[in-house]
Amino acid sequence: MMNDRLRAFSGQIIAIGVALLLGAIIILMVGESPVRVLMTLLRGAFGDQEKIAGTLLQTTPILICGVAACIGLRGGMFNVGIEGQLFLGGFAAAWVGFSFSLPPGIHTLAALALAIAAGAAWVAIPAYFRARYNTNEVVSTILSNYIAVLLTSYFTIFLFKRPGGWSETPPILATAYLPEIFSFSRLNWGLAIGLLLAVGVALVFRYTSWGYGVTMVGSAPKFAEYGGVNVKRQGFVVLLLSGAVGGLAGGVETLGVHHRFMEGFAPGFGFDGLIAALLANGSPVATIVTALFFGALRSGSLLLEVDTSASREIITVIQALIILSVSAQVLIKRRGDSQAGERRWKF
Amino acid sequence: MEILDKLINVALIAATLRTTAPILLVALGGSFTTKAGIFNIGLEGQMLAGAFFAVIGSIWTGSAFAGVACGVAAALAFALAFAVLVVTFRANEVVVGLALNILAGGMTISLMKAIFGTRGSIVGHGIVGLPKVQIPGAQALLGSWAPLISGFTPIVYVAFIAVPLLVLFYNRTRLGLYIRVVGEKPEAAEALGISITRVRYIASLLCGLLAGLAGAHLSLGYITMFTENMSSGRGFMAVAILIFSNGDPLKVLAGCLLFGFADAFSLRLQTFGFPSYLVLTVPYVVALTALFVLSYQARPKIIKETLASMQKLLSTDRNSASVDKNPQ
């Protein structure tokens, strides 16, 4: 058991090593020194206390999106639509924030609640068709991302534009803010929400019969059905919860960081979260670590753009390479399995 | 009526054919992998890489066709990576496809910054676009309807000619048959001594070839420029089409014409003052609606399965059967 874990862990490390090597080659190709890029990334992510807070600030949405992805992956569902749920959740929270005036605290909670509802509502149709008619959820959620981004842009620019502003909504009232933790950074209590959520979801999966059922549906649907799980209904609920958490990520981003909704709000966090969850093999607690890793990459990449000639998108290249090499090594390990088993990403 | 005339006319149909071409090519490419039993969500990335390297090749060589060759080569490289991971290492298709898409997005932006020092888009720099083919005699033969068959770039013709060729390929050639057998009954293929690995590699590479052409059409066809993520979900729409067409070339054509029309029509609507953000959602909404409606229509099989499982439950446990009758 321990040996297995050790092997899986060392395999993961080797895969990341291979990916970093490939990344170094690509950095050389774009004409930068890999060492310089690495040092800049490290300095940008952990250089001083403000930089560390900045890394945690970037980690927050990735972590919450990662937990959303974990919920789906555990139940055998690829929710690739977290990006869209994040946008709608972000907009919904902003709308509550600038349209109503409520007492502090309650205002924040109301905005977060609507963000959660918006995320769940956005995934409801793909989830229904996935559960009822087995419509491929990967494609339907990806396509709904494009609609979500355009729709929220439409809301922002045509319906709720801040007078005199440029493609952004009015600012939310201070009563709806998620308070900041330190005076020197925009880092806010959203991080605590993310950490609690990750631990809470992990506990639910570990200790409740519902969580066990979800995991069974994800890894052995026939067995789960035989054991009395209503596989279809559960698939629907799993995607809905995953979407709800995706919406929450958007709400936290709005109330904690931007204090308004704008075009191009939080790009790529949904995909980063999915990658973080995949790298963590669907474990919410391990997602804390992988989200921190990707948060550091993101935070470091801001300095990359300033100090080197490389573009910050080089980090998405590295992330993709990591996932590719991890996906390959997971399966080398399981070569003995049947073909059907091998071709599934196992959790 | 006048508005209808303005909306729907020869120019719109010609525009539909133009906008259909890239999605048709990439979907036909995906038909190879679909038929070979691989779910290929990586089409988007192959197309994007094709579009980017077509522009690079066109600038470096000064020739549009050399540019197309570069784009195809890049898409083939992505297709090869996909095949190595999915076929040889048996990694999860969805994970590998999504990761390759992200890789293509990040790589093209990074290289754009490294080579041109700009963000956003590559315009000018001596990009050579594809020539338009004027079919001799089209004007005399069809008069004002001539734009329907003449004046497209070569890739548009390739896309539409590929449809009947693919029908023949699947029905009349040995390789086409092998691809179908590998996809539908891999055990039978193995029993016949067909190498599943080799057939899937070939299917993946054929897919890359057409996806690369589709990408080259995007960046060298009617607009000669590259912008960040310019494939904008066409690869995913192609996957949606592949799901409900099961990769049959004629059904793929029908689906792609629907999207091409939605695309061209929404561009037309924009000129009538509809908010561009809503108009731009039209192709995606059409894709999703088609996906949902057609999977709903495929329900008889599912209902049969449900009935079968209900009967099984009825014979064992009455309580759980009554729950099963009212799912959601």
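*Asks:* Looking at this model, I keep getting lost on the overall build of chain A. Mind explaining?
*Replies:* Helix and strand counts for chain A come out as 14 helices and zero strands. From first element to last, N terminus to C terminus, chain A shows the α and β order α-α-α-α-α-α-α-α-α-α-α-α-α-α. If you line up chain A on its principal axes, its C-alpha atoms span 65 × 55 × 30 Å. The contacts of chain A with a sequence gap of at least 6 include a subset with a gap of at least 24, amounting to 78%.

*Asks:* Please clarify how helix 3 (residues 43-61) of chain B should be interpreted in this entry.
*Replies:* In an α-helix, one turn spans 3.6 residues, which is why side chains three or four residues apart end up on the same side. Residue and element names in this part refer to chain B. Over its 19 residues, helix 3 extends 26 Å from the first C-alpha to the last, a length consistent with the 27 Å expected when each residue adds 1.5 Å. Burial within helix 3 is extensive, with 16 of its 19 residues counted as buried. Gly62 occupies a position one or two residues after helix 3 and carries a positive phi of about 75°.

*Asks:* Help me understand the environment of A:Leu297 in this model?
*Replies:* Residue and element names in this part refer to chain A. Assignment of secondary structure puts Leu297 in helix 12 (residues 284-307). The exposure class assigned to Leu297 is buried, which follows from the 24 C-beta atoms found within 10 Å. With 168 residues separating them in the primary sequence, Leu297 and Phe129 have C-alpha atoms 36 Å apart. Among all residues touching Leu297, those that are not within four sequence positions of it are Leu41, Ile315, Ile318 and Gln319.

*Asks:* Where do I start with the interface of chain B and chain A in this structure?
*Replies:* Where interface size is given, it is often the accessible area lost as the parts come together that is meant. Each partner contributes residues to the interface: chain B has 46 residues there, and chain A has 50 residues. Counting residues per element, the side of chain B that touches chain A draws most heavily on helix 5 (residues 93-116) of chain B, at 15 residues. Considered class by class, the residues forming the side of chain B that touches chain A number 34 nonpolar, nine polar and three charged.

*Asks:* I tried to follow unusual backbone geometry on my own but got confused; where do I start?
*Replies:* Excluding glycine, residues mostly have negative phi values, and the peptide bonds linking residues are mostly trans. With a phi angle near 60°, A:Asn134 is a residue other than glycine that sits in the positive phi range. You can see A:Asn134 is positioned in the loop between helix 5 (106-133) and helix 6 (137-159). Residue A:Asn134 is classed as partly exposed on the basis of its C-beta count, with 16 C-beta atoms lying within 10 Å. Notably, B:Ser232 is not glycine yet its phi reads approximately 35°, a positive angle. Within the fold, B:Ser232 resides in the loop between strand 2 (225-227) and helix 11 (234-245).

*Asks:* Explain the confidence of the model for chain A to me, please; I cannot follow it from the model alone.
*Replies:* Low pLDDT means the predicted coordinates in that region are not meant to be read closely. Overall, the predicted model of chain A reaches an average pLDDT of 85, with 93% of residues at or above 70. For residues 331-347 of chain A, every residue scores under 50 in pLDDT, and the model assigns this stretch 21 contacts once sequence neighbours within four places are set aside.

*Asks:* Explain the environment of A:Val138 to me, please; I cannot follow it from the model alone.
*Replies:* Mapped onto the elements, A:Val138 comes out in helix 6. Linking A:Val138 and A:Tyr207, residues 69 residues apart in sequence, is a C-alpha distance of 29 Å. Each residue touching A:Val138, except ones within four places of it in the same chain, is listed here: A:Phe78, A:Val80, B:Ile41 and B:Val94.

*Asks:* Whenever I open this one, the environment of A:Leu102 confuses me. Can you help?
*Replies:* All names here are of chain A. With respect to the helices and strands, the residue Leu102 is situated in the loop between helix 4 (82-99) and helix 5. C-beta crowding within 10 Å serves as the criterion here: with 16 such atoms nearby, Leu102 is assigned to the partly exposed category. Counting along the chain gives 82 residues from Leu102 to Phe184, while the straight-line C-alpha distance between them is 27 Å. Filtering out sequence-adjacent residues up to four positions away, Leu102 remains in contact with His107, Ala110 and Thr175.

*Asks:* Teacher, can you tell me more about the packing of helix 3 of chain B against helix 4 (residues 64-88) of chain B here?
*Replies:* When two helices pack together, their arrangement is captured by the angle between the axes and the distance separating the axes. Residue and element names in this part refer to chain B. It is the contact of helix 3 with helix 4, at a shortest axis distance of 6 Å, that shows an interaxial angle of 145°. Remark: the crossing between helix 3 and helix 4 carries right-handed chirality. Of the residues in the contact of helix 3 with helix 4, the class split is 17 nonpolar, eight polar and no charged.

*Asks:* Would you take a moment to explain the packing of helix 5 of chain A against helix 10 (residues 231-258) of chain A for this structure?
*Replies:* All names here are of chain A. Two numbers describe how helix 5 lies on helix 10: the axes approach to 6 Å, and their chain directions differ by 145°. Helix 5 and helix 10 meet at a crossing whose hand is right-handed. The residue makeup of the contact of helix 5 with helix 10, split by class, is 18 nonpolar, nine polar and four charged.

*Asks:* Any chance you could explain the confidence of the model for chain B here in plain terms?
*Replies:* Residue and element names in this part refer to chain B. For chain B, the mean per-residue pLDDT works out to 83, and 86% of the residues sit at or above 70. Helix 15 (residues 318-325) is the least confidently modelled element of chain B, averaging 43 in pLDDT, while helix 3 averages 93, the highest of any element. With pLDDT under 50 throughout, residues 318-328 is counted as low confidence; its partners more than four residues away or in other chains account for 14 contacts. Among the scores for the predicted complex, ipTM is 0.86 and pTM is 0.86.

*Asks:* Honestly, helix 2 (residues 34-46) of chain A in this entry has me stumped. Any pointers?
*Replies:* All names here are of chain A. If you check helix 2, its first and last C-alpha atoms are 18 Å apart, about what 13 residues at 1.5 Å a residue would give, namely 18 Å. For helix 2, the full list of buried residues reads Val37, Thr40, Leu41, Gly44 and Ala45. Projected onto a plane normal to the axis of helix 2, the buried residues spread over an arc of 125° and lie on a single side.

Criteria and cut-off values
Residues numbered from 1 in each chain as written. Chains lettered and ligands numbered in written order. Predicted model: local features only at pLDDT ≥ 70, side-chain atom pairs only at ≥ 80, totals over all residues. Helix = DSSP H or I, 4+ residues; strand = E, 2+ residues; numbered from the N terminus. Contact = placed C-beta atoms within 7 Å. Expected span 1.5 Å × (residues − 1). Buried ≥ 20, exposed ≤ 12 C-beta atoms within 10 Å, placed from the backbone. Nonpolar A, V, L, I, M, F, W, Y, C, P; charged D, E, K, R; others polar. pLDDT = per-residue confidence, 0-100. Axes fitted to C-alpha atoms, helices over the stretch in contact; angles between N-to-C directions. Left-handed = near helix turned anticlockwise from the far one by under 90°. Arc of directions from axis to C-beta.

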